[in-house]
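Here is how the chains run, residue by residue.
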Amino acid sequence: MFTTRGDANPAPDPHPVTARDLLGRVWYHLPWVGGAAGFLRTGPGLVVGGGAVLLLLGLGLLVPRRRRPGDRAVRERG
């Protein structure tokens, strides 16, 4: 038996739902995502995740952007 409650309801629904009344199917599966998400919530996971974010941001700032044929050149005033 499952007790349900709507998002805007302060109290549970009056009639419990049985497992036989539920209908569902798996439409997509991402293995290991739950384990990775759980790891990122730990102390070492925060360090690893934060380090990865900082690394990616640093690489984005350090790698020069290539000009494409349609880009305009910016003149320096001085």
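Just above sits the structure.
Residues numbered from 1 in each chain as written. Predicted model: local features only at pLDDT ≥ 70, side-chain atom pairs only at ≥ 80, totals over all residues. Heavy atoms only, no water.

Examining the overall build of the chain
Counted only if it meets this: The numbering of helices and of strands both runs from the N terminus, where a helix is a DSSP run of H or I of at least 4 residues and a strand a run of E of at least 2. The globule rule used here is 2.2 Å times the number of residues to the 0.38 power, and the radius of gyration it is set against is calculated over C-alpha atoms. Each residue is placed in one exposure class: buried if its accessible area under a 1.4 Å probe, protein chains only, is under 20% of its type's maximum, exposed if it is over 50%, and partly exposed if it falls in between.
Of the regular secondary structure elements, the chain holds 2 helices and 0 strands. What you see for the chain is a C-alpha radius of gyration of 25 Å, clearly larger than the 12 Å of a compact globule of 78 residues, by over 25%. Taken along the three principal axes of its C-alpha coordinates, the chain extends 75 × 35 × 30 Å. Relative to its 78 residues, the chain shows a buried fraction of 3%.

A look at the environment of Phe 39
As for its placement among the helices and strands, Phe 39 is situated in helix 1 (residues 33-40). Sequence separation between Phe 39 and Gly 24 is 15 residues; the distance between their C-alpha atoms is 28 Å.

Some words on the packing of aromatic side chains
For clarity, the cut-off: Two rings from Phe, Tyr or Trp (for Trp, the six-membered ring) form a pair when their centres sit within 6.5 Å of each other. Planes less than 30 degrees apart are called stacked, planes more than 60 degrees apart edge-to-face, and all others tilted.
Counted under the stated rule, the structure contains 1 aromatic pair. When the ring of Trp 27 is compared with that of Tyr 28, the centres are 6.2 Å apart and the planes differ by 40°; the resulting orientation is tilted. Here Trp 27 and Tyr 28 have matching classes, each one exposed.

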